[in-house]
Amino acid sequence: MSGAREKKRAKKMRNQPASVTLPAEPGPFPSGGSRGDVRSEQQYQQQKFSNQSSGPTYRKEQCFQKGQNRGERGRGRGGWQGGRQNVSEEMPKYITVSTFAQARAAEINAMLKAVAQKSSNSLVFQTLPRHMRRRAMSHNIKRLPRRLQEMARKEDLSYYCCLEVTGKENELLKQLARICSNDTGLTFEEASCLSGRFEGSLNLYRADRYPEDMLGPVTFIWKPRDGSENRQLWIWVHPALKQDILRELKAIFQCSEPEEIYIPEPVKTSMQEEKQIDVALSLGKKRKKEDKEGEKAVPVKKIIGDGTRDPFQSYSWISQATGIVISDRTMEILRYRLIGPLSHSVLTETLKAASLQTEMADSETELNNWWVENCKDSEKVSLHQRQTAIFELLEGLSSPSEMPPGTILGLTVGDPRVNLPKKKTKAMPDFEKYQDYDKVRQLYLEGVPVECAHSFIWDRDICKNVTENKISEQDLNHMRAQLLVPGSHLDLGPSESKIPILLVQQPGKMAGEDRPGWGSGWDIYLPKGWGMAFWIPFIYRGVRVGGLQEALKHSEYQRTPHTPNDFPDCQAGMQFAKELEMSLLEKFKRRPPAKRANYVKLGTLSPFVCPWKQLAKNWEERMKASGEFVHSSSPHPEHCATEGHSLCDPKAEMVKEGSSETGEVEETMEITSSEGVLKTEDVTGTQDFGERGETMTRSDFIVLRSEKLRMQLSAWCYPTAGKDRRIRLISRLGQKEMTEDVFLPILMSYPRALVWVNLSLLRKGNPELHAMICIPTEDDLLHLSKDKLFCGPQEPKHRDIFKEKVQKLKEEKKKKKDNMKALESDSPSVPDKETTEEHEDLILGLWSDTLPDVTSHCSRTLLGYVTRGDFSLAVGYGEAQGFVSVTGLVYMLHNQPADKKGLVLLRTPASFQYRFARLNIEV
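Everything quoted here is computed from the prediction, not taken from an experiment. (Residues numbered from 1 in each chain as written. Predicted model: local features only at pLDDT ≥ 70, side-chain atom pairs only at ≥ 80, totals over all residues. Heavy atoms only, no water.)

Q: Before we go on, may I ask you to explain the overall build of the protein in this structure?
A: Per the secondary structure count, the protein includes 32 helices and 24 strands. Within the span of the protein, comprising 923 residues, buried residues form 44% of the whole. When the accessible surface of the protein is totalled, it reaches about 50900 Å², and 51% of it is carbon and sulfur. (Helix = DSSP H or I, 4+ residues; strand = E, 2+ residues; numbered from the N terminus. Buried < 20%, exposed > 50% of the residue type's maximum accessible area, 1.4 Å probe, protein only. Areas by Shrake-Rupley, 256 points an atom, 1.4 Å probe, with all protein chains shown as cover.)

Written out as structure tokens, the structure reads:
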């Protein structure tokens, strides 16, 4: 055996017991050894040495016997001699049973563990065997086994919920005005949205509680006016926000009495079916129902309930005083979102306008009876033709962003399953089809007329008819099989279903100056039961499917808040942050202490959650203590004491070049829990500021969503790149210059407010979750001006004040364990028990006490936290989004030079390195 083969065989043998070996590589062994031989290690070594020592004998044994034919010669290589196998020489005489069984048991246990263990990037539904997986499990947890239902409830849902409000327009607008504010943008009373032409989006609050008690963001559409006094409104909400918003809607409209209760219909079986169940069926056959014609058919599945409501509870409520009805239309109306410049091309190739029909296809069924009645009305036929013409014009547009934002187009289409291509294709726009761009330009400038926004999808009876009379896939495939030319177009004629839909344009990125319209597309509203019928044709036109992770990344590139991650002031956002903290903490505990970061030494007080309440409170106290905006770019000296010098000294903040290479800092910062608390008793002249601030806000913190104030802050964040450029920009935007007379009223009205910001790194580095946003010092900005390659300063190493307590706790536990072993009947003394309970929540590497002042805990003043951050493929450098204190932001901008406005420092929780970033507020 060659050296390479010996190494290969030794690699195979490294985990095997000594008494059993793996099959040897095929080669010329004595006695005709083959690949399937099983020998002891001792026999193998003896043969190995004998083969190496006796070269001539080795060659002689390979010679064939005289008179041996070709067949025997071939069999001789495999270990056959004289037509029979030499078993006695190939099989070992004995093996060690215990060692052999132990090795096999270890391999079996490892295999079972690998099969049964849930992968970290898979869902609960994917842990089940394939024969137990159901698509309904993704939205109905009760379809899962009970042992997995609790785990599945933690995984936040991939569809939005629809709440319908019906009633008189005046009554609806009067009460809806209480849960929104025109200070944040448009409301339900917006004329363009109220007419039904455009979709609107806004933030909801509890009644008469703005700017506090945030409920969450929603989108809404009104049904176009049809001459009736009543109006219909659809409000689309995230599943995590549904219960809070539904509860508030029922409160403001006083809807407490259920209009009807939804009870699933029991499955009825005929006597014939019951007899068939009792009959023993032969193996390998499935039980199937038989229709009237005698052909085998599969029973139609009914959609009962969903993951956000109990099917046995009411889903509609009515107000006895005003007659307003609130209905939960979740899973009644489906919605797909197509994103990208080719989304309108996919729509025009997949969907075809329904053909006119004036006669019933079959008198026994109600298929398309609603469409036949509407086709008899000339006005509705004319409307359908105009909607079809506008829909066909979409193919002449290069991007969905060319349409007015939120445009709504109603349409009735045929069954998309009959237009499936033979193979997957990529839908592309056909610009040659529209040589005359007058109509396209008119559509671009004026949008869709209000009458063309009408759709029959608003009618419940029509949607029910369309769902119940849908042609099954089995019948459709049966019709395809009867075609004379396989693969040709299937013409269903009058039997083709007519489906009412709504097309809603998504404008994409609208805030900011760069990448306008990025991420634009179309939303498609469908009746329930038709989801898969539209899904597959979309895939065949080149659509790629994305889930929650892709949606999160898309909103990150679009620089828009994601629900509920980026809404810390609503209940769903708080619950999300709490669950994320528990998840990250459990992951942190699973790692050994030597393999995880010590966040106390890193100066990170809260690595797993953003303490927004503490941040807002500390900045309010800083302003009360200062009384005015004083040019102080670093924390107060009494809050950053070090060994031998103060960190407020510029020399202490700079890091030696040698230490920066190794990533270690020689200086240490000693922090105690009593430090960082600002004293306000001795401060004079700030009582009026504090009292006015406390009277105007009653919650711990709020998120500033006023468009006017956010535009003002955005203009102040803009740096001056030329002579008087800021003044020209501010005057063009209609904003005021940054003076105390302008920003002090803002701080008095919102002393504990946060604002959503975007951050772009100037140099290398990728921001991470819960990264700290800090204020650079004068020396940091000076160093950056002199050295353009300067990445940023480093945080000095802190001292872990909890390390001794953790070691003491371990010693106490060990001592208690030894005492229990020595004296099982005796209990530990009371002082030891109290000491153990006092420190039982200590975790090495985490701050285990009440948080001190988070703004002045480190060498750089903390301004806010990052909620999402990563390397952006859209721009080619690191980007992040998060929240900062409004008070701290105004304080920083007031003290920064004109050409350095908006420059901040970012530091990830597990790093000492600060990196420069540009702060921006896009409005």
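Q: What should I look at first to understand the sheet that holds strand 15 (residues 521–527) in this one?
A: Sheet strands line up and pair through hydrogen bonds in the backbone, either parallel or antiparallel. Read across the sheet, 4 strands follow the order 12-15-14-13 without closing on themselves; strand pairing throughout is antiparallel. Of all the strands in the sheet, just strand 12 (333–339) and strand 13 (408–414) have a single pairing partner and so form its edges. Taken pair by pair, the neighbouring strands of this sheet meet at an average axis angle of 25°, ignoring direction. Judged from the 7 bridges that link them, strand 12 and strand 15 form a sheet pairing that is antiparallel. Following the sheet pairing, I339 is matched in strand 15 by G521. Seen against the sheet, helix 12 (residues 343–350) touches strand 12, strand 14 (498–506) and strand 15 and runs at an angle of roughly 35° to strand 15. Contacting strand 13 and strand 14, helix 14 (residues 378–393) runs over the sheet at an angle of about 100° to strand 13. (Pairing = 2+ DSSP bridges. Axes fitted to C-alpha atoms, helices over the stretch in contact; angles between N-to-C directions. Contact = heavy atoms within 4.5 Å.)

Q: What's the story with the packing of helix 26 (residues 707–716) against helix 28 (residues 740–749) in this structure? I'm lost.
A: In the contact formed by helix 26 and helix 28, the axes pass within 12 Å of each other and the chain directions differ by 130°. Relative to helix 28, the element helix 26 lies oblique. As for the relative orientation of helix 26 and helix 28, their crossing is left-handed in sense. For the pair helix 26 and helix 28, the contacting residues are L709, Q712 and W716 in the first and V742, F743 and I746 in the second. (Parallel < 35°, antiparallel > 145°, perpendicular 65-115°, else oblique. Left-handed = near helix turned anticlockwise from the far one by under 90°.)

Q: It is not clear to me how the packing of aromatic side chains should be interpreted in this structure. Could you clarify?
A: The geometry of an aromatic ring pair comes down to the distance between the two centres and the angle between the two planes. Using the criterion set out here, one finds 21 aromatic pairs in the structure. Here the aromatic rings of W234 and Y525 are separated by 6.5 Å at their centres, their planes lie at 10°, and the arrangement is stacked. Here W234 is found in strand 6 (residues 230–237), whereas its partner Y525 is found in strand 15, with 291 residues between them in sequence. Comparing W234 with Y525 shows no difference in burial state: the two are buried. Grouped by ring-pair contacts, the aromatic residues W234, W236, W458 and Y525 constitute a single cluster. Seen from the ring of F100, R104 lies directly overhead, with NZ or CZ sitting 5.0 Å from the centre. (Phe/Tyr/Trp six-rings, centres within 6.5 Å; stacked < 30°, edge-to-face > 60°. Lys NZ or Arg CZ within 6 Å of the ring centre and 35° of its normal.)

Q: For this particular structure, what's the right way to read the pairing of strand 6?
A: Within a regular beta strand, the side chains point alternately toward one face of the sheet and then the other, so they alternate between its two faces. Burial runs high along strand 6: 7 of the 8 residues are buried. Judged from the 8 bridges that link them, strand 3 (residues 161–168) and strand 6 form a sheet pairing that is antiparallel. From the neighbouring strand, T166 faces strand 6, where its bridge partner is Q232. Relative to strand 6, strand 5 (residues 214–222) is paired through 4 bridges, and the arrangement is antiparallel. Among the inter-strand pairings, I221 is bridged to a residue of strand 6, identified as W234.

Q: Quick question: what am I supposed to make of the pattern of salt bridges here?
A: Should the charged atoms of two oppositely charged side chains come close, the side chains can pair. One pass over the full model with this rule turns up 35 salt bridges. Connected through shared salt-bridge partners, K509, D514, R515, R559, E879 and E922 make up one network. (Salt bridge = Lys/Arg side-chain N within 4 Å of Asp/Glu carboxyl O.)

Q: I would appreciate a short explanation of the nonpolar core in the present structure.
A: General note: in soluble globular proteins, nonpolar side chains tend to be found buried as a group. Ranked by internal contacts, the top residues of the largest apolar core, which has 67 residues, are L889 and L919. Element by element, the count of residues in this core is highest for strand 18 (residues 753–761), at 7 residues. Excluding its chain neighbours within four sequence positions, the residues that come into contact with L889 are C717, V755, L863, V884, L919 and I921. (Core = buried A, V, L, I, M, F, W, Y, C linked by side-chain atoms within 4.5 Å.)

Q: What am I meant to see in the packing of helix 22 (residues 612–626) against helix 32 (residues 886–895) here?
A: Between two packed helices, the angle of one axis relative to the other and the distance separating the axes together describe the packing. Running from N to C, helix 22 and helix 32 point in directions that differ by 50°, and their axes come no closer than 8 Å. It follows from the interaxial angle that helix 22 and helix 32 lie oblique. Counting all contacts with helix 22, which are made through W619, R622 and M623, the residues of helix 32 involved are T887, G888 and Y891. Of the residues belonging to the contact of helix 22 with helix 32, the class tally is 3 nonpolar, 2 polar and 1 charged. (Nonpolar A, V, L, I, M, F, W, Y, C, P; charged D, E, K, R; others polar.)

Q: Looking at this structure, how should I read the environment of S606?
A: Mapped onto the elements, S606 comes out in the loop between helix 21 (599–602) and helix 22. Assessed through its relative accessible area of 9%, S606 is described here as buried. Linking S606 and E581, residues 25 residues apart in sequence, is a C-alpha distance of 9.8 Å. Reaching out from S606, the side chain makes a polar contact with the backbone oxygen of V609 at a distance of 2.4 Å. (Polar contact = N/O pair within 3.5 Å; in protein donor to acceptor, adjacent residues only side chain to side chain.)

Q: Could you clarify how one ought to interpret unusual backbone geometry in this entry?
A: Negative phi is the rule for most residues except glycine; trans is the rule for most peptide bonds. A cis amide bond, omega 10°, links Y210 with the succeeding residue P211. For P211, the position within the fold is in the loop between strand 4 (200–205) and strand 5. Of note, Q254 is a non-glycine position whose phi angle comes to about 55°, a positive value. Relative to the assigned elements, Q254 resides in the loop between helix 10 (242–252) and strand 7 (257–261). Not every positive phi belongs to a glycine, and R515 is a case in point at roughly 55°.

Q: Would you take a moment to explain the side chain of T407 for this structure?
A: Checked against the element boundaries, T407 lands in the loop between helix 14 and strand 13. Within the local environment of T407, its side chain forms a polar contact with the backbone oxygen of P404, the two atoms lying 2.6 Å apart. Those residues within four positions of T407 in sequence are excluded, and the remaining contacts are R197, F198, V448, L503, V504, Q505 and W522.

Q: Looking at this structure, I do not really get helix 14. What am I missing?
A: Every α-helix carries 3.6 residues per turn, so stepping three or four residues along brings you back to the same face. In this model, helix 14 (16 residues) spans 23 Å end to end at C-alpha, consistent with the 22 Å of a helix rising 1.5 Å per residue. Those residues of helix 14 that are buried lie in contact with helix 12, helix 13 (369–375), strand 13, helix 15 (438–446) and strand 14. Looking at where helix 14 begins, the residue whose side-chain oxygen comes 3.1 Å from the main-chain nitrogen of E379 is D377. (Expected span 1.5 Å × (residues − 1).)

Q: Where do I start with the confidence of the model for the protein in this structure?
A: Caution applies to low-pLDDT regions: their predicted coordinates should not be interpreted in detail. Here the protein averages 77 in pLDDT, and 69% of its residues register 70 or above. Within the protein, the lowest mean pLDDT, 34, falls on helix 23 (residues 650–653), and the highest, 97, falls on strand 19 (residues 772–774). Note on residues 262–305: pLDDT under 50 across the span, and 34 contacts to partners over four residues away in sequence or across chains. In the model, residues 629–698 has pLDDT below 50 throughout and makes 134 contacts with residues more than four positions away in sequence or in other chains. (pLDDT = per-residue confidence, 0-100.)

Q: Mind showing me how you'd approach a nonpolar patch on the surface here?
A: Residues L420, M532, W535, I536 and V545 make up a contiguous nonpolar surface patch of about 400 Å² in total accessible area. In this fold, V545 is placed in the loop between helix 18 (531–540) and helix 19 (548–558). Taking relative accessible area as the criterion, V545 reaches 52% and is therefore assigned exposed. (Patch = residues over 30% accessible without salt bridge, like charges linked within 9 Å, V, L, I, M, F, W, Y side chains within 5 Å.)

Q: Is there a simple way to think about the environment of L846 in this case?
A: Relative to the helices and strands, L846 is located in the loop between helix 31 (830–838) and strand 21 (862–872). Accessibility expressed as a relative area gives 10% for L846, which makes it buried. For the pair L846 and T604, spaced 242 residues apart in the sequence, the C-alpha separation amounts to 8.4 Å. In this structure L846 touches L585, F588, Y599, V600, P607, F608 and F802, once residues within four positions along its chain are discounted.

Q: I would appreciate a short explanation of the environment of N230 in the present structure.
A: Structurally, N230 can be placed in strand 6. Separated by 64 residues in the primary sequence, N230 and T166 place their C-alpha atoms 6.7 Å from one another. Once residues within four sequence positions are removed from consideration, N230 is found in contact with G167 and K168.

Q: How do you make sense of a positive patch on the surface when you look at a structure like this?
A: On the surface, K587, R590, R591 and K595 cluster together to form a positively charged patch. Relative to the assigned elements, K587 resides in helix 20 (residues 571–590). For K587, a relative accessible area of 52% translates into the label exposed. (Lys, Arg positive; Asp, Glu negative; His and termini not counted. Charge placed at Lys NZ, Arg CZ, Asp CG, Glu CD.)

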